[in-house]
Every structure is written in C-alpha cells, then in structure tokens.
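# Descriptive analysis of the structure
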Amino acid sequence: QQQVRQSPQSLTVWEGETAILNCSYENSAFDYFPWYQQFPGEGPALLISILSVSDKKEDGRFTIFFNKREKKLSLHIADSQPGDSATYFCAALNYAQGLTFGLGTRVSVFP
Amino acid sequence: NAGVIQTPRHKVTGKGQEATLWCEPISGHSAVFWYRQTIVQGLEFLTYFRNQAPIDDSGMPKERFSAQMPNQSHSTLKIQSTQPQDSAVYLCASSLTGNTGQLYFGEGSKLTVL
C-alpha cells in the first residue's frame, strides 16, 4: 500500500510553462514534506520542503502548496526550463517511521 | 566539500555470488541510510545507522542482506547469494543529525545480477 502517491507518472511541458506535480498521503502523523529532484545517473537531491504547519513555501521558481485537511500537496515549477527535466519525488516524514517516498513524476521540458 | 561517495558505481554478479557495496558519508554527518531504487518499487528504505549504531533495519530482507558501519567514515551493504530480483540501484545517504528527512544521497551503485 503506497502511503505517498504522486500524479501524474510523467508530465511534458513546453519551456516557459508551469509544471504542476501532485502528491497525496495517508498518514496524518506525517509532518514534514521534502521534494527531491533526481537526474539520470545521479542520486536524488533535496529541492524544497515544507512543514505541515505551513500552507505554502516558495524558493525561486519552485513553490509547494499544502492542504493539510485534504492531505494533498503540489509542487509548481514556474517558467519551466529544459534543465528542469528530471524525476521529482514527493516524500513524507514521520520521525518514528522515517521518510517515505512516492514513486515519482518524470518531467520533460521541451524548448 | 565531497558529497556521499559510493563504490562501485556498477557491479555485475552471477546468480548466487556475493556483492558488497561501500558508502562514505559526508564528513561530520552522524546518520547513514541505505535505500534500494527500482522502477516498480521506487525508493525503498533498507536500513539506518546513527553514530555508527544500527537504529532501524525494518526494510532489510531478513535473509542474505546485511549492513554494517564499522567506523564513522564508511558503511557497507552486503548481499549474499545474489538473485536476479536483487538487481537495482542501491543508494546511500547521510544526514547531519539523524532522521530529519534532509538526506544527501550518493550517486548510487547499480547492481545487475545475471
């Protein structure tokens, strides 16, 4: 049973568009949600994160929107660039259980 | 600053052989994690050390898999009698203070079992 679900599995956008990646979770005890970015042949790298007490977190072109009541969050990539083409993992942390990852969304940005 | 270093980057073994993967965490980081990554299962947690002590091995298959951290500068993941289903990318990560969710991953060791 996947505790962290991501959609879509893959996403294609044109350069300059906003990519929207979705994530939902089951466990109400999750209180910290990092997003990791992974390029082929590399390990995942922490991109941006949010605590459950916040509803929005911005870092440059990347924004997380968080809805605690619905147990949903999304990552928006504004002004998408070809260099943003990667797989993005939503993760959720419960200190007792550790970090649980979703299966990822593969983003392709075409010029 | 060197990141997490994993060796080898690629390893090919025959069915039934042993595979040992090495990880050097970032200097000063107290926690080391091992994950397995496949297309189907995604990123699966295997085990976690803090200050070299094993804290959580709930993700480790009970047979054939073992992990150690003999000193603060390296950890090993050993798979005995490898099977084709063990083929995956094995990722090591470290974090500064423990299970914070802020992990620094290595580039991974891709294991192929023929």
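Up top is the structure.
In what follows, the accompanying structure is described.

Criteria and thresholds
- All residue numbers here refer to positions counted from 1 along the written sequence of the relevant chain.
- The lettering of chains begins at A and the numbering of ligands begins at 1, in the order of writing.
- Local features in this predicted model are restricted to residues whose pLDDT is 70 or higher, and side-chain atom pairs enter the listing and the counts only when it is 80 or higher, whereas totals over whole chains, interfaces and linings include all residues.
- Computation of side-chain values covers all heavy atoms of the structure but excludes hydrogens and water.
- Strands are runs of DSSP state E lasting at least 2 residues, helices are runs of H or I lasting at least 4, and numbering of each runs from the N terminus.
- Burial here depends on accessible area, computed with a 1.4 Å probe over protein chains only, as a share of the maximum for the residue type. Under 20% is buried, over 50% is exposed, and the range in between is partly exposed.
- Any pair of residues with heavy atoms lying within 4.5 Å of one another is described as a contacting pair.
- All accessible-area figures derive from a Shrake-Rupley calculation using a 1.4 Å probe, and residue coverage is judged against the displayed protein chains alone.
- Charged-residue counts in this description rest on Lys and Arg as positive and Asp and Glu as negative, His and the chain ends being excluded.
- For the purpose of locating charges, the reference atoms are NZ of Lys, CZ of Arg, CG of Asp and CD of Glu.
- Sulfur atoms of two cysteines make up a disulfide when they are within 2.5 Å.
- A cavity here means a set of points on a 1 Å grid, drawn over the protein atoms and nothing else, where a 1.4 Å probe fits but cannot get out; a pocket is an open set with protein on both sides within 12 Å along at least five of seven lines, and a residue lines either one if it has an atom within 4 Å of a point.
- Grid points are joined across faces, edges and corners, and a volume is the space filled by probe spheres set on the points.
- Think of it as three bins: nonpolar holds Ala, Val, Leu, Ile, Met, Phe, Trp, Tyr, Cys and Pro, charged holds Asp, Glu, Lys and Arg, and polar takes everything else, Gly as well.

### Regarding the overall build of chain A
When helices and strands are tallied, chain A shows 0 helices and 11 strands. Across its three principal directions, the C-alpha atoms of chain A cover 40 × 30 × 20 Å. The buried share of chain A, reckoned over its 111 residues, is 45%. In chain A, once contacts between residues fewer than 6 apart in sequence are set aside, the share between residues at least 24 apart is 53%. When the accessible area of chain A is evaluated, it comes to approximately 5,600 Å², of which 48% is carbon and sulfur surface. Each charge sign in chain A was given a centre, from 9 positive and 11 negative side chains, and these centres are 9 Å apart.

### Section: the state of the cysteines
The full count for this structure, using the stated rule, is 2 disulfides over all chains. Here A:Cys23 engages in a disulfide with A:Cys90; their sulfurs sit 2.0 Å apart. Its S-S torsion of approximately -70 degrees makes the covalent link between A:Cys23 and A:Cys90 left-handed. In this pair, A:Cys23 is assigned in strand β3 (residues 19–25) and A:Cys90 in strand β9 (residues 86–94), connecting sequence segments 67 residues apart. Taken individually, A:Cys23 and A:Cys90 each receive the classification buried, so the pair is uniform in this respect. Across a sulfur-sulfur distance of 1.9 Å, B:Cys23 and B:Cys92 are joined as a disulfide pair. Torsion about the S-S bond of the B:Cys23 and B:Cys92 cystine: about -65 degrees, corresponding to left-handed handedness. Here the residue B:Cys23 occupies a position in strand β3 (residues 19–24), and B:Cys92 occupies one in strand β9 (residues 88–95), the gap between them amounting to 69 residues.

### Points about the layout of surface pockets
Quantified by volume, the largest pocket comes out at close to 960 Å³. Contributing to the lining of the largest pocket are 35 residues, with A:Gln38, A:Thr87, A:Phe89, B:Gln37 and B:Ile39 lying nearest its centre. At the level of elements, β1 (4–7), β9 and β11 (105–110) of chain A together with β4 (31–38), β9 and β11 (109–113) of chain B are the ones that each hand at least two residues to the lining of the largest pocket. Volume-wise, the second largest pocket comes out at about 390 Å³. Contributing elements (two or more residues each) for the lining of the second largest pocket: β10 (98–101) of chain A together with β4 and β5 (42–50) of chain B. Looking at the lining of the second largest pocket, its residues break down into 7 nonpolar, 9 polar and 2 charged.

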